[in-house]
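Structural overview for review
Take a look at the letters that make up each chain.
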Amino acid sequence: METKTQTVREVSSIAEMKEVSQSFRKQNLTIGFVPTMGCLHEGHLNLVKRSLETCDRTVVSIFINPTQFGPNEDLDTYPRQLQSDIEKLVEAGVDILFHPSNEEMYPTDYKTYVQVQDITEHLCGTSRPDLFKGVSTVVLKLFNIVQPHNAFFGEKDWQQLAVIEALVEDLNLDVVLNRVPIVRE
Ligand code: PAF
């Protein structure tokens, strides 16, 4: 019997990712999206599982977003394990991995940021002022690129989720946010 070799299609250019999503949409396939910064654990895989169960196609992004790290924060030492992440995504049955470079997402003349007010001025936002500006900016960019019908986030990062909910509502984005109870290893 022929065994099917499972793969995940890796996309690193914004133009290609948009083409793929537009082609899914033209075929009336629903797109589920799980944005991550890699180093995938059970919590991420639970979000992926929800997307696979409820959407026709699942896109996972791995992008360590530099704009959500402050000057003295841990960007350089943030863990990276792309190869084992890819293996986990293949095993889970994810359709597309979007992993753009920093230059692709933030070219040298990059100027635009979005900021959700109020919610971001407490707790994590107090000690890490760049965090939520960077998160809302990158999430908006990723939504514009991936064009998902549904996006999946862990409930545990509730302040981040509140920021993203405000972003979606205030900017009238056409994406449904799904809160998933997070599982940690
Ligand atoms: O929660 C994360 O991993 C990140 O903040 C996110 C939402 C992928 C944006 O970079």
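So, here is what we can say about the structure in this document. These figures come from a predicted structure and were not determined experimentally. (Residues numbered from 1 in each chain as written. Predicted model: local features only at pLDDT ≥ 70, side-chain atom pairs only at ≥ 80, totals over all residues. Heavy atoms only, no water.)

Quick look at helix H2 (residues 42-54) now. With 13 residues, H2 ought to run about 18 Å at 1.5 Å a step, and its terminal C-alpha atoms sit 18 Å apart, in line with that. Here H2 has its buried residues at Gly43, His44, Leu45, Asn46, Leu47, Val48 and Ser51. Buried residues belonging to H2 abut strand E2 (31-36), strand E3 (57-62), helix H3 (82-92), strand E5 (150-154) and strand E6 (176-180). (Helix = DSSP H or I, 4+ residues; strand = E, 2+ residues; numbered from the N terminus. Expected span 1.5 Å × (residues − 1). Buried < 20%, exposed > 50% of the residue type's maximum accessible area, 1.4 Å probe, protein only. Contact = heavy atoms within 4.5 Å.)

For the rest of this paragraph, the subject is the site of the ligand. Around the ligand sit Pro35, Thr36, Met37, Asn65, Gln68, Val135, Val138 and Gln160, and those are all the residues in its vicinity. The separation between an oxygen atom of the ligand and a polar side-chain atom of glutamine 68 is 2.7 Å. In the model, an oxygen atom of the ligand is placed 2.8 Å from a nitrogen or oxygen of the glutamine 160 side chain. In the complex, the protein chains occlude 88% of the 290 Å² of accessible area that the ligand would expose alone. Secondary-structure elements contributing two or more residues to the shell around the ligand are E2 and helix H6 (129-146). Counted by class, the shell around the ligand contains 4 nonpolar, 4 polar and no charged residues. (Near = heavy atom within 4 Å. Polar contact = N/O pair within 3.5 Å; in protein donor to acceptor, adjacent residues only side chain to side chain. Areas by Shrake-Rupley, 256 points an atom, 1.4 Å probe, with all protein chains shown as cover. Nonpolar A, V, L, I, M, F, W, Y, C, P; charged D, E, K, R; others polar.)

Across soluble globular proteins, nonpolar side chains show a tendency to be buried alongside one another. Counting 34 residues, the largest nonpolar core has Met17, Val59, Phe98, Met105, Val139 and Phe143 as the members making the most contacts within it. The greatest single-element share of this core, amounting to 10 residues, is contributed by H6. Beyond its immediate sequence surroundings of up to four residues, phenylalanine 98 is in contact with Val11, Ser12, Ser13, Ile14, Met17, Val59, Val60, Ser61, Ile62, Leu142, Ile145 and Val146. By size, the runner-up hydrophobic cluster in this structure holds 15 residues, among which are Val8, Ile62, Leu89 and Leu97. (Core = buried A, V, L, I, M, F, W, Y, C linked by side-chain atoms within 4.5 Å.)

The 6 strands lie next to each other as E1-E4-E3-E2-E5-E6, forming an open sheet whose pairing is parallel. Sheet topology places strand E1 (9-11) and E6 at the edges, where each strand pairs with a single neighbour. Looking at each pair of strands side by side, their axes are set apart by 25° on average, direction ignored. Two strands pair when backbone bridges link them, and E3 and strand E4 (residues 96-98) are joined in this way by 3 bridges, in the parallel orientation. Note on E4: the bridge partner recorded for valine 59 is isoleucine 96. Sitting on the sheet, H3 is in contact with E1, E3 and E4, with an inclination near 170° to E3. (Pairing = 2+ DSSP bridges. Axes fitted to C-alpha atoms, helices over the stretch in contact; angles between N-to-C directions.)

Turning our attention to the pattern of salt bridges. Counted according to the given criterion, the structure contains 3 salt bridges. Residues glutamate 16 and arginine 9 are paired through a salt bridge, measuring 2.9 Å at the closest nitrogen-oxygen approach. Where lysine 49 meets glutamate 53, a salt bridge forms, and the shortest distance between an N and an O atom there is 3.5 Å. Pair noted here: lysine 49 and glutamate 53 are both in helix H2, with a separation of 4 residues, about one helical turn. Note on lysine 49: relative accessible area 48%, which makes it partly exposed. Accessibility expressed as a relative area gives 54% for glutamate 53, which makes it exposed. (Salt bridge = Lys/Arg side-chain N within 4 Å of Asp/Glu carboxyl O.)

Sheet faces and side chains relate simply in a regular strand, where the side chains alternate between the two faces. Counting buried residues in E5 gives 5 out of 5 residues, a clear majority hidden from the surface. Neither face of E5 is open: one carries Asn150, Phe152 and Gly154, the other Ala151 and Phe153, and all of them are buried. In this sheet, E5 lies alongside E2 in parallel orientation, the contact comprising 2 bridges. Across the sheet, phenylalanine 33 pairs through a bridge with alanine 151, a residue of E5. Direction of pairing for E5 relative to E6: parallel, over a ladder of 5 bridges. The residue of E6 that forms the bridge with phenylalanine 153 is arginine 179. Tracing the backbone out of E5, into helix H7 (residues 158-170) and back to the parallel element E6 gives a crossover that is right-handed. (Right-handed = clockwise from strand over helix to strand, strands pointing away.)

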